[in-house]
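Structural characterization, general
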Amino acid sequence: MTDSPRWDRIWVNIHAATMVDDAVGGPYGAIGDAAVAVQGDRIAWVGALCDLPDLPARLAAEVIDGRGAWMTPGLIDCHTHLVYGGSRALEFEARLNGASYEDIARAGGGILSTVTATRGADEERLAAMALPRLDALLAEGVTTIEIKSGYGLETDTELRMLRTARRLGWMRPVDVRTTLLGAHALPPEFADDAEAYVDLVCDEMIPAAVAEGLADAVDAFCERIGFTADQTRRVFEAARRHGLPVKLHAEQLSDQKGALLAAGFGALSADHLEYVDDDGIAAMAASGTVAVLLPGAFYMLRETQLPPVAALRAAGVPIAISTDCNPGTSPVTSLLLMLNMACTLFRLTPEEALAGVTRVAARALGLADRGQIREGMRADLALWRIEAPAALSYMAGFNPCTGVVRAGVPRDPRHGFPVSAGGSDAV
């Protein structure tokens, strides 16, 4: 035993859903009556309390009583469009009152209304609008989030969106991963020349984002109302030239062979996938591309074509879950609600759903250092006042998160401020 503690802090009187990906072990990688120790921003020890090599108070500078809470990895929202201008609540109301998408578009609505509002907002305004959405997610234990651009459809605004996303990571205790989604839709100034717009994305947007260090990945919308497979390939080739990984909005509304294309580029993920076919699934399994399912968009669009979960599962394709937070088709700021919908609508098991917002979501972002409670992993953790991990998928509209640990520092999930072991938010 050394004179000084070996760890910064240790949690006791907890149960840990470690979500480890080992082939052996029980559901959720669960450890009852567990202890988890942190040194710096890393997990230093995890196991049963009875297996600690010494008394907790002699091992760590700070001992935190979890008061019977369950601990999981911090949640990861791996597909969002969190930064945007304006609102489309009135369009939602108009659709329910009988207006068609075409009616709304002719009146200046739809995605172009979001583009107009986003182009007209500076970074301060974009950040102010995004923060309430981000805070709602953080209050539910989210510690890492992906944020896409895609509502600028011009270089200056796309970069402004990415700068704002980075800024949010400085304003709140969350790790933000940014994705350039220039190939999201055709802007009005290129309505009759899609190829020229793809040129702009490839030759100007991607290099500019790389030059400023603003993008961690490149995405595109491969769909009949988006971009063709050939146009998407051009975007992916440009991303590859600049050393950026790719991901894809694929097979949401029809089978455009986007998943097959994405897998061919070793994409981190292919997202939506309601219409993916067997060839696309086999290609994703071979490439290790993650399937990101987005039940919020499925629900809001009243889609009837279910993603082929059984086929994805049988092929061994890892499945992640995300909010797809966006102003048009998934105005969702609850990742916990997406767990419930993934189970009730898509028939995932609660364990698959939780893996989909921890271990597999990390993989969908190319992050190998989080999403599991194991030694050496980043100490991003969440604590829950629940009776079992399945409760996170079972409850809808209820938030049992009582504590968050980001990079080893305990924080209040309601506002992100650090907390001490003696406070009311100690767990």
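Rules and cut-offs
- Residues numbered from 1 in each chain as written.
- Predicted model: local features only at pLDDT ≥ 70, side-chain atom pairs only at ≥ 80, totals over all residues.
- Heavy atoms only, no water.
- UniProt positions renumbered as here; feature names shortened; annotations may be inferred.
- Helix = DSSP H or I, 4+ residues; strand = E, 2+ residues; numbered from the N terminus.
- Buried < 20%, exposed > 50% of the residue type's maximum accessible area, 1.4 Å probe, protein only.
- Expected span 1.5 Å × (residues − 1).
- Bend = angle between axes of the 7 residues up to and from the residue.
- Contact = heavy atoms within 4.5 Å.
- Pairing = 2+ DSSP bridges.
- Axes fitted to C-alpha atoms, helices over the stretch in contact; angles between N-to-C directions.
- Polar contact = N/O pair within 3.5 Å; in protein donor to acceptor, adjacent residues only side chain to side chain.

- The name recorded for the protein chain in an unreviewed UniProt entry is Imidazolonepropionase, from Tistrella arctica.
- Listed under Pathway (unreviewed entry) in UniProt, the entry text for the protein chain is "Amino-acid degradation; L-histidine degradation into L-glutamate; N-formimidoyl-L-glutamate from L-histidine: step 3/3."

1. Quick look at the UniProt feature "binding site: Fe(3+)" (unreviewed entry) in the protein chain
- Here the UniProt-annotated "binding site: Fe(3+)" (unreviewed entry) positions come out as His-79, His-81, His-249 and Asp-324. The named residues occupy 246 residues along the chain; their greatest pairwise C-alpha distance, 12.3 Å, places them in one compact cluster.
- Its place among the elements puts His-79 in the loop between strand S5 (75-77) and helix H2 (89-96).
- Relative accessible area serves as the criterion here: at 0%, His-79 is assigned to the buried category.

2. A closer look at helix H7 (residues 194-211)
- The terminal C-alpha atoms of H7, which comprises 18 residues, lie 25 Å apart, in line with the 26 Å expected from a rise of 1.5 Å per residue.
- Of all bends in H7, the biggest is about 30 degrees, found at Val-201.
- On the buried face of H7, the contacting elements are helix H6 (155-171), strand S7 (175-183), strand S8 (217-222) and helix H8 (229-241).
- The positive-phi residue at the C-terminal boundary of H7 is Gly-213, with phi of around 65 degrees.

3. A word on the sheet that holds strand S12 (residues 319-321)
- With parallel pairing, the eight strands of this open sheet are ordered in space as S5-S6-S7-S8-S9-S10-S11-S12. Strands with a single pairing partner mark the edges of an open sheet, and in this sheet they are S5 and S12. Averaged over all pairs of adjacent strands, the angle between strand axes in this sheet comes to 25 degrees, irrespective of strand direction.
- Strand direction decides the pairing type here: strand S10 (residues 269-272) and strand S11 (residues 290-293), joined by three bridges, are parallel. From the neighbouring strand, Asp-271 faces S11, where its bridge partner is Val-292.
- Seen against the sheet, H6 touches strand S6 (142-148) and S7 and runs at an angle of roughly 170 degrees to S7.
- Of the strands in this sheet, S5, S6 and S12 are in contact with helix H13 (residues 335-344), which crosses S5 at around 85 degrees.

4. Focus on the UniProt feature "binding site: N-formimidoyl-L-glutamate" (unreviewed entry) in the protein chain
- Following the UniProt record, the feature "binding site: N-formimidoyl-L-glutamate" (unreviewed entry) maps to Tyr-151, Asn-326 and Gly-328 here. The annotated residues occupy 178 residues of the chain but converge on a single region, no pair of C-alpha atoms lying more than 11.3 Å apart.
- Looking at Asn-326, its side chain comes within polar contact range of the main-chain nitrogen of Gly-328, at 2.8 Å.
- Mapped onto the fold, Gly-328 is located in the loop between S12 and H13.
- Looking at Gly-328, the relative accessible area reads 14%, which means it is buried.

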